[in-house]
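Per-entry structural report
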Number of protein chains: 2
Amino acid sequence: MFSGAQISLYPMTDDFVGVILGALGALDPYRDRLRIETDDISTLLVGPPEVLFPAMRDLFAAAARSGRHCVLSAAVSRGCPGEPDDPICRSDEIGGPAIPLDERKRAALRAVETTPSTDQPVAAQFSLYVMGNGGHMDEIYGCIDFLKQSGVFERSKHFCTKLRGDAGAVFATLNEAFCRFGPGAGHVTLDITISANSPTAV
Amino acid sequence: MFSGAQISLYPMTDDFVGVILGALGALDPYRDRLRIETDDISTLLVGPPEVLFPAMRDLFAAAARSGRHCVLSAAVSRGCPGEPDDPICRSDEIGGPAIPLDERKRAALRAVETTPSTDQPVAAQFSLYVMGNGGHMDEIYGCIDFLKQSGVFERSKHFCTKLRGDAGAVFATLNEAFCRFGPGAGHVTLDITISANSPTAV
């Protein structure tokens, strides 16, 4: 199953190029498990979720450690019928057999609970889209139940859910939302915004 | 039908607050037709597409005229089954009867052709998501056909389509993609990124 993300990093500083270049080293441990292509709008990461989410987390935490207000925006996708399969996307996290929704919620909570802290606080919001399935709202509501117990839930907003907490728990929560809700072999996407060091943060 | 957007404006400059505050006046002509709520991650605009897209265009063009590298990110949604209806969202553009895909493509092209220029060049990329419909990929491919003839098509990328041109034609193209593809009363979203003044632009 093809999976990956289009990601963009926005440091709100005159030295945005320096902050981005300074953070890119955080991707080095993942480069052999990702296909990476960059243009003037975004960087494509092709690979399985268990590599994508830690890579995005480490890239964003490195940029945030500059102390500048930084935002990471990402469109994450799996199972799009228009995309070719790619061996680099082989994953133990997605594509498995269908499991009852309650079991998936419990597994997602266990995964978030056992995630180490990064000591980088972040705020985030995201939308989960489940395509090509008449019961897509059941999966959305199941995911919202999980989010409310995740420890990083802040509030529901129109069109999205807002999270706040350590970058480790927040990215783990996004990973679980992406992998465990919607059909295992289905077309599922996340629209993610992660923010650090905002002057208007609560 | 409930419709609106969560939008964020990212000026890549130390004076990002000044650029954002300086651009907000561009929303004034639309304020009586939108509900607007802001927090530390995004600004919610609730209203019909015929107000949302011109408002986003004018806000972004005003920020881009600062000359700084600016990005607007938006999650635009209509017909989400989990959202309440709101009279401010009443629209002549969405919710009408089903019309054959070819007719919708032609109408979309006419709308883009007749859009005035803003003299602000932009690059953009976006994903169209059509939920709760077994034939969602037919609507996606129909939209891609329209995009290729829109005059602002740059290229297809994994998970999204990239546009480039005047802000007027680009936002009109996004408006048409949002309103004319996917079921008239269905749940449709766009994940949009618009960029100006990038140092790496082609």
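This text follows the structure it describes.
Throughout what follows, the structure given in this document is the object of discussion. Just so we're clear, the structure is a prediction, and the values are computed from it rather than from any experiment.

Focus: the packing of aromatic side chains
Tallying each qualifying case throughout the model produces eight aromatic pairs over all chains. Aromatic side chains Phe-159 of chain A and Phe-2 of chain B sit 5.8 Å apart centroid to centroid with 50° between the ring planes, which places their arrangement in the tilted category. Here the residue Phe-159 of chain A occupies a position in the loop between strand E6 (153–157) and strand E7 (160–166), and Phe-2 of chain B occupies one in the segment before strand E1 (3–11), the pair thus bridging two chains. With relative accessibility at 11%, the residue Phe-159 of chain A sits in the buried group. Taking relative accessible area as the criterion, Phe-2 of chain B reaches 4% and is therefore assigned buried. Between Phe-53 of chain B and Phe-178 of chain B, the aromatic rings sit 5.7 Å apart at their centres with planes inclined by 50°, giving tilted as the arrangement. With a gap of 125 residues between them, Phe-53 of chain B in helix H2 (residues 49–64) and Phe-178 of chain B in helix H5 (residues 167–180) connect regions that are remote in the sequence.

Quick word on the pattern of salt bridges
A complete count under the given rule lists 36 salt bridges over all chains for this structure. For Asp-86 of chain A, the salt bridge is made with Arg-35 of chain A, and the minimal N-O distance between the two is 3.8 Å. Here Asp-86 of chain A, found in the loop between strand E4 (70–78) and helix H3 (101–113), pairs with Arg-35 of chain A, found in strand E2 (residues 35–38); they are 51 residues apart in sequence, far enough to count as distant. If you follow the salt bridges from partner to partner, you end up with Asp-39 and Asp-40 of chain A together with Glu-154, Arg-155, Lys-157, Lys-162 and Arg-164 of chain B in one network.

So, the environment of Pro-49 of chain B
Residues and elements named next belong to chain B. Take Pro-49: it is sitting in helix H2. On the accessibility criterion, Pro-49 (0% relative accessible area) is buried. Along the backbone, Pro-49 and Cys-89 are 40 residues apart, and their C-alpha atoms lie at a distance of 8.2 Å. For Pro-49, the contacting residues outside a window of four places in its chain are Ser-3, Pro-54, Ser-91, Ile-94, Asn-175, Phe-178 and Cys-179.

Focus on the interface of chain B and chain A
Contact residues are listed per partner, giving 56 residues for chain B and 56 residues for chain A. Here chain B and chain A share twelve salt bridges between them. In this structure, Arg-164 of chain A and Asp-40 of chain B form a salt bridge, with 3.2 Å as the shortest nitrogen-oxygen distance. Our count for the contact surface shared by chain B and chain A stands at 27 residue pairs in polar contact (both at pLDDT 80 or more). The set of elements that each furnish at least two residues to the side of chain B that touches chain A consists of E1, helix H1 (16–23), strand E4 (70–78), strand E5 (121–130), helix H4 (136–148), strand E6 (153–157), strand E7 (160–166) and strand E8 (188–196) of chain B. Of all the elements, E1 of chain B adds the most residues to the side of chain B that touches chain A, at six residues. Of the residues contributing to the side of chain B that touches chain A, the split by class is 25 nonpolar, 20 polar and eleven charged.

Concerning the sheet that holds E4 of chain B
All names here are of chain B. With antiparallel pairing, eight strands are arranged side by side in an open sheet as E2-E3-E1-E4-E8-E5-E7-E6. Lying at the two open borders of the sheet, with one neighbouring strand each, are strand E2 (35–38) and E6. With strand direction ignored, the average angle separating the axes of adjacent strands in the sheet is 20°. When E1 meets strand E3 (residues 43–46), the two strands line up antiparallel, connected through four bridges. Bridged to Gln-6 within E3 is Leu-44. Packing of H4 onto the sheet brings it into contact with E5, E6 and E7, and relative to E5 it is tilted by some 160°.

Definitions and limits used
Residues numbered from 1 in each chain as written. Chains lettered and ligands numbered in written order. Predicted model: local features only at pLDDT ≥ 70, side-chain atom pairs only at ≥ 80, totals over all residues. Heavy atoms only, no water. Phe/Tyr/Trp six-rings, centres within 6.5 Å; stacked < 30°, edge-to-face > 60°. Helix = DSSP H or I, 4+ residues; strand = E, 2+ residues; numbered from the N terminus. Buried < 20%, exposed > 50% of the residue type's maximum accessible area, 1.4 Å probe, protein only. Salt bridge = Lys/Arg side-chain N within 4 Å of Asp/Glu carboxyl O. Contact = heavy atoms within 4.5 Å. Polar contact = N/O pair within 3.5 Å; in protein donor to acceptor, adjacent residues only side chain to side chain. Nonpolar A, V, L, I, M, F, W, Y, C, P; charged D, E, K, R; others polar. Pairing = 2+ DSSP bridges. Axes fitted to C-alpha atoms, helices over the stretch in contact; angles between N-to-C directions.

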